[in-house]
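# Close look at the chain arrangement
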Amino acid sequence: MRGERPALRAGELLVSLASRRLPPGIRQERCQEWLAELPVILRDRDAGPAPVRIIRMLAFAADTLRGTALAPQTYHGAHRGRSTTAKDIRWLGTGLLLLGLLGLLLGGGLFMLAYEGSIVHQLATAPTLTFSVTLVLVNLVLFAVACIPGWSSPGWRWWCMSRIVDGLGMCIRAIAGTSGWGHPLLFAIISYCGYAISLACIGMAVIHAVRYISRTRHVGQGR
Amino acid sequence: MTAPLERVFRIFLDDPAARRYGYDLMKAAGLPSGTLYPLLGRLEAQRLVSSAWETPGRDGERPRRYYQLTGEGIEVARLELAQLSARRSAQGQRGPGRRVRPAPADAR
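Residues take numbers from 1 onward in each chain, read along the sequence in its written order. Going through the entries in the order they are written, you letter the chains from A and number the ligands from 1. Predicted model: local features are reported for residues with pLDDT of at least 70 only, side-chain atom pairs are reported and counted for 80 or more only, and whole-chain, interface and lining totals are derived from all residues. To get the side-chain values, all heavy atoms of the structure are used, and hydrogens and water are removed first.

### Topic: the pattern of salt bridges
To be explicit about the condition: Salt bridge, as applied in this entry: a Lys or Arg side-chain nitrogen positioned within 4 Å of an Asp or Glu carboxyl oxygen. Secondary structure elements are defined from DSSP: runs of H or I of at least 4 residues count as helices, runs of E of at least 2 residues count as strands, and each element is numbered from the N terminus. Using a 1.4 Å probe on the protein chains alone, a residue whose accessible area is under 20% of its type maximum counts as buried, one over 50% counts as exposed, and one in between counts as partly exposed.
All chains considered together, the criterion is met by 13 salt bridges over all chains. With a closest N to O distance of 3.1 Å, B:R65 and A:E33 form a salt bridge. Within this pair, whereas B:R65 is found in strand β3 (residues 64–69), its partner A:E33 is found in helix α2 (residues 24–42), the two belonging to separate chains. When its relative accessible area of 4% is taken as the criterion, B:R65 is described as buried.

Structure follows, in structure tokens:
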């Protein structure tokens, strides 16, 4: 499965953090037990497509961390007992951490929306050279990362390519605008063409993503 | 008895001879790992559940820990679940209970 190794590493990291909070007598045993469950969850085809399984595996690992952070002694057979101030603070801390993670996810989504919005805004008004060059350079770096064998993903490559084409179109328009070359409308049309090509590239990225999901489902059903 | 414990007991009692690993129990009981494993730890400390490490058939897979109710565990689980269902049926016969409403102010 693509992305299995990095996801497993992340899960193993969470489990090792969780087991560090346990009493020394049971630490090693529990850690081994949880580490053995991670690949089982990742390969559990009944759980759904690959991204869902990765999320389940990470949720499993994260919840072991929650369990050990809140009440490490219960793993040794002790009852949770009454609520204490220290325990309440731990609950609050863990809740805030989970809220922070949720906020990070939402923030990431909003950032992506804002990113697209800013591109369209720059395109509609006169694009600045700084914005266009940054767009091209950042996406060139991302494209290079997408070409690394372990991280290779056609959908991601198409997406980066779309942004590069888009950035190049805006770059040409910005340079022409500052230098006073030719008719501004011509370069505006060039930048709009760049955006149209970038939309086609995004379409290819979406097709690859859909194919990937359907292939994973097909493999899951064919078991 | 807590709701997670009830679920775990029911799953074990579905087939008392079956040995189950943690993820299997999690899926069947719908419990998160942070709830299930402390529960199993408590049951094991009370000798109601026993565990054993087993290597799965496939090469390269890590040994997994399987859990099973002990003889005492089966008895206790059956007893606890029977008591729970008796309590529930008694509550069901009594009904939700009548509430005595305060009389309206103008009726006094």
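### Structural notes on the confidence of the model for chain A
Stated formally: Every residue carries a pLDDT, the predictor's confidence in it, which falls somewhere between 0 and 100.
Scored by pLDDT, chain A has a mean of 82; 88% of the residues are at 70 or more. Averaged pLDDT values over the elements of chain A bottom out at 77 in helix α7 (residues 184–221) of chain A and peak at 89 in α2(A).

### Some details on the nonpolar core
For the record, the criterion: We call a set of buried Ala, Val, Leu, Ile, Met, Phe, Trp, Tyr and Cys residues a nonpolar core when their side-chain atoms join them within 4.5 Å. A contact between two residues is defined here by any heavy atoms of the two lying within 4.5 Å.
Counting residues in hydrophobic clusters, the biggest one holds 44 residues, and the most contacted among them are A:L38, B:F12 and B:L69. Those elements that provide at least two residues to this core are α1 (4–20), α2 and α3 (50–70) of chain A together with α1 (3–14), α2 (22–29), α3 (33–45), β3 and α4 (71–94) of chain B. Those residues in contact with B:F12 that lie beyond four places of it in its chain are B:L25, B:L40, B:V49, B:Y67, B:Q68 and B:L69. By size, the runner-up hydrophobic cluster in this structure holds 10 residues, among which are A:Y115, A:I119, A:L135 and A:Y195.

### Re the packing of α1(B) against α3(B)
Residue and element names in this part refer to chain B. We apply this condition: Structural elements are reduced to axes, namely lines fitted to C-alpha atoms, with helices fitted over the stretch in contact, and the angle between N-to-C directions of any two is expressed from 0 to 180 degrees. Roughly parallel here means an angle under 35 degrees, roughly antiparallel means over 145, roughly perpendicular means 65 to 115, and every remaining angle is called oblique. Each residue gets one label: Ala, Val, Leu, Ile, Met, Phe, Trp, Tyr, Cys and Pro are nonpolar, Asp, Glu, Lys and Arg are charged, and the others, such as Gly, are polar.
Remark: α1 packs on α3, axes separated minimally by 11 Å, with the N-to-C direction vectors making an angle of 70 degrees. Judged by the inter-axis angle, α1 sits roughly perpendicular to α3. Counted together, P4, L5, V8, F9 and F12 of α1 and T35, L36, L39, L40 and L43 of α3 form the full contact between these two elements. Classifying every residue of the contact of α1 with α3 by side-chain character gives 9 nonpolar, 1 polar and no charged.

### Observations concerning the side chain of A:Q122
Residues and elements named next belong to chain A. Convention followed: Here a polar contact means two N or O atoms within 3.5 Å. Within protein one must be a hydrogen donor candidate and the other an acceptor candidate, and residues neighboring in sequence count only if both atoms are side-chain atoms.
Examined against the element boundaries, Q122 turns out to sit in helix α4 (residues 85–124). Residue Q122 is classed as buried on the basis of its relative accessible area of 14%. A distance of 2.9 Å separates a polar side-chain atom of Q122 from the backbone nitrogen of T128. Not counting the four nearest positions on each side in its chain, Q122 is found in contact with P127, T128, F131 and M170.

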